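Results of the structural survey
Chain by chain, the residues run as shown.
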Amino acid sequence: MQYLAVLGQNSRLSLAEILAVYPDAKIIAHRDEAVIFDTKKSVELNQLGGSPKIAEVIGEFSPDIKKISEAVASELFSFSKEQKVFFGLSFYGNANKNFYNSLGRMIKSRLTESGYRARWVVGRDIALSSVLIKTNKLLTRGADFCLVFFTGKIYLAKTAEVQDFSDYGFRDMRRPARDLVSGLTPPKLAKILINLGGKPACAGRQKEILDPFCGSGTFLGEAALLGFKKIYGSDVSAKAIADSKKNLEWLKEKYNFPADIGIKQCDIKNSRVCWSRQFDFIATEPYLGPPIRGTIGFEKAKHLQTELQKNYDEYLPALSGLLENGGTLVLIAPLIISENGHLKISLKLKENGLEAVHPLPANIHNQPTIIYSRQDQKIGREIYILKKISN
């Protein structure tokens, strides 16, 4: 079946997640805002963190406004005339307000002529947000239609699901233990990173995950909600262990997941002794550096890079030792964003029996990592997907 996925602010990261979760997916067309893909699997938005909207493709059209309006109207004719029908339009790759307004008016007129009471829901932008779709209940009393524009053609799709923004906010802001000093990985990002490992918790397979820098337990909680059954975490900090346990107890009470969770206090350098075993899948975000306010000069950035490089030179052998041959490690490394450019951490992959897996096809992104950073952030994240190739 053909789907349209709206991509998040980091479109490459969103697309990489889709291809990891749905490995049979074939990209039909894509642009920064959205991707059209085909998969034999049923796409469920709650399994994805980086896509705010999933739609089912109705068809491919030439830029013929009348044909498109007829296709949209025929979808809405399935609703009863007893109640008002609501519809929205979301444009991706085209900011032509005249086309947008003409199409909306044409659809509404067609519905009115056919005996429907119709309301066209519009927002500030010509792509409706998940918030607007949810608050107007568009998916239960009407529909949102996505149009993705390419040269000479338009893909039309009907929105099936939108991201539950309030649930992510609840998990982020309402958890009982939040460490604002050490920082927090947002639940949505943690879910994406877990998914990048390509280790879905398939029925009949007891998938497991280890986070050896578990902090307040965000990765562990998101793994449980994704269906992982065996979840392990460790951290050198006693406070982090206490926070993780408190947050996971709270999360289990709220969401009632059946996972078996084991959390230990131990230093990454002693992790093989701590766990006495290896794992098939590790997803983790080690220490990325101190909070930085204001600008960061080049000398300060270089000093911070040196300190973090020492840390990662110790982390990587330990992480490799915890990983089974053929296992996957999704790892975050810090990217220092200074006034004079970006400074990276060098990972000694070959020396530690690891190799980088390219997250996207080379014609889309030919680099082995994806950079994730927000505006004004001084330390970004460089995301690696690594495979263990030898002990």
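Each remark here, short or long, concerns the structure printed above.
Residues numbered from 1 in each chain as written. Predicted model: local features only at pLDDT ≥ 70, side-chain atom pairs only at ≥ 80, totals over all residues. Heavy atoms only, no water.

What follows covers the state of the cysteines. Scanning the model with the defined rule gives 0 disulfides in all. There is no disulfide at cysteine 214, and the cysteine sulfur nearest it, in cysteine 266, is 8.9 Å away. (Disulfide = S-S within 2.5 Å.)

Our focus in this paragraph is a positive patch on the surface. There is a patch of like positive charges on the surface, built from Lys84, Lys108, Arg117, Arg119, Lys137 and Arg141. Within the fold, lysine 137 resides in the loop between helix H4 (130-135) and helix H5 (138-141). (Patch = residues over 30% accessible without salt bridge, like charges linked within 9 Å, V, L, I, M, F, W, Y side chains within 5 Å. Areas by Shrake-Rupley, 256 points an atom, 1.4 Å probe, with all protein chains shown as cover. Salt bridge = Lys/Arg side-chain N within 4 Å of Asp/Glu carboxyl O. Lys, Arg positive; Asp, Glu negative; His and termini not counted. Charge placed at Lys NZ, Arg CZ, Asp CG, Glu CD. Helix = DSSP H or I, 4+ residues; strand = E, 2+ residues; numbered from the N terminus.)

On to helix H3 (residues 97-113), then. The end-to-end C-alpha separation of H3 is 24 Å, in line with the 24 Å expected for 17 residues at 1.5 Å each. Residues of H3 that are buried: Phe99, Tyr100, Leu103, Gly104, Ile107 and Leu111. Angularly, the buried residues of H3 cover 130° about the axis, an arc narrow enough to put them on a single face. Of the residues in H3, the exposed ones pointing more than 90 degrees away from the buried face are Asn98 and Glu113. For H3, the N-terminal capping position is held by asparagine 96, with its side-chain oxygen 3.0 Å away from the main-chain nitrogen of asparagine 98. Positioned one or two residues after H3, glycine 115 has a phi angle of 90°, which is positive. (Expected span 1.5 Å × (residues − 1). Buried < 20%, exposed > 50% of the residue type's maximum accessible area, 1.4 Å probe, protein only. Arc of directions from axis to C-beta. Polar contact = N/O pair within 3.5 Å; in protein donor to acceptor, adjacent residues only side chain to side chain.)

What follows deals with the sheet that holds strand E5 (residues 85-92). A sheet is described by the order of its strands in space; here 8 strands give the open sequence E2-E3-E1-E4-E8-E7-E5-E6, paired in mixed fashion. Here the strands that pair on one side only, and so sit at the sheet edges, are strand E2 (26-30) and strand E6 (118-121). When the angles between neighbouring strand axes are averaged without regard to direction, this sheet yields 30°. Taken together, the 7 bridges between E5 and strand E7 (residues 142-150) define a ladder with parallel strand orientation. Opposite phenylalanine 91, over in E7, you have leucine 147 as the bridge partner. (Pairing = 2+ DSSP bridges. Axes fitted to C-alpha atoms, helices over the stretch in contact; angles between N-to-C directions.)

Glancing now at the pairing of strand E8 (residues 153-162). Here strand E4 (residues 53-61) runs beside E8; their pairing, made up of 8 bridges, is antiparallel. Bridge pairing in E8 links glutamate 60 to tyrosine 155. Two strands pair when backbone bridges link them, and E7 and E8 are joined in this way by 6 bridges, in the antiparallel orientation. Paired with cysteine 146 across the strands is alanine 157, a residue of E8. Two successive antiparallel strands, E7 and E8, enclose a turn made up of 2 residues, where glycine 152 displays a positive phi of approximately 80°.

Here we take up the pattern of salt bridges. All told, the structure shown has 15 salt bridges when counted by the stated rule. Put simply, arginine 277 and glutamate 208 hold a salt bridge, and the shortest N to O gap is 2.5 Å. Of this pair, arginine 277 sits in the loop between helix H10 (271-275) and strand E12 (279-284) while glutamate 208 sits in strand E9 (residues 208-211), and the two are 69 residues apart along the sequence. Residues aspartate 313 and lysine 348 are paired through a salt bridge, measuring 3.1 Å at the closest nitrogen-oxygen approach. Of the two residues, aspartate 313 sits in helix H11 (residues 298-322) while lysine 348 sits in the loop between strand E14 (341-344) and strand E15 (354-356), which places them 35 residues apart along the sequence. Salt bridges linked by common partners bring Asp167, Arg171 and Glu222 together as one network.

Below, the discussion takes up the side chain of histidine 365. Relative to the helices and strands, histidine 365 is located in the loop between E15 and strand E16 (369-372). Overall, the relative accessible area of 8% leaves histidine 365 in the buried class. Within polar-contact distance, the side chain of histidine 365 engages the side chain of arginine 12 at 3.3 Å. Here the side chain of histidine 365 touches threonine 369 through a polar contact of 2.8 Å, landing on its backbone oxygen. Discounting chain neighbours no more than four positions away, the residues touching histidine 365 are Arg12, Leu360 and Ile370. (Contact = heavy atoms within 4.5 Å.)

This brings us to the packing of helix H8 (residues 218-225) against helix H9 (residues 238-255). It is the contact of H8 with H9, at a shortest axis distance of 10 Å, that shows an interaxial angle of 20°. Relative to H9, the element H8 lies roughly parallel. With respect to the hand of their crossing, H8 and H9 are arranged in right-handed fashion. Along the contact surface, H8 presents Leu220, Gly221 and Leu225, while H9 presents Leu248, Leu251 and Tyr255. Of the residues in the contact of H8 with H9, the class split is 5 nonpolar, 1 polar and no charged. (Parallel < 35°, antiparallel > 145°, perpendicular 65-115°, else oblique. Left-handed = near helix turned anticlockwise from the far one by under 90°. Nonpolar A, V, L, I, M, F, W, Y, C, P; charged D, E, K, R; others polar.)

Right, let's get into the nonpolar core. Core analysis: the biggest nonpolar cluster contains 83 residues, and Ile194 and Leu196 have the highest contact counts within it. With 9 residues, the single largest contributor to this core is H11. Of all hydrophobic cores here, the second largest spans 24 residues; its members include Leu76, Phe87, Tyr100 and Ile154. (Core = buried A, V, L, I, M, F, W, Y, C linked by side-chain atoms within 4.5 Å.)

One simple way to see leftover space: roll a probe sized like a water molecule over the atoms. Within this structure, the stated rule accounts for 1 cavity of 30 Å³ or more. Roughly 110 Å³ of volume is contained in the largest cavity. If you go around the largest cavity, the residues you meet are Arg171, Arg175, Pro187, Ser216, Gly217, Thr218, Gly221, Glu222, Asn247, Leu248, Trp250 and Leu251. Elements supplying a minimum of two residues to the lining of the largest cavity: H8 and H9. Here the lining of the largest cavity takes 4 residues from H9, the largest share from any one element. Class assignment for the residues of the lining of the largest cavity results in 4 nonpolar, 5 polar and 3 charged. (1 Å grid on protein atoms, 1.4 Å probe; cavity = no way out; pocket = protein on both sides within 12 Å on 5 of 7 lines; lining within 4 Å. Points joined across faces, edges and corners; volume = space filled by probe spheres on them.)

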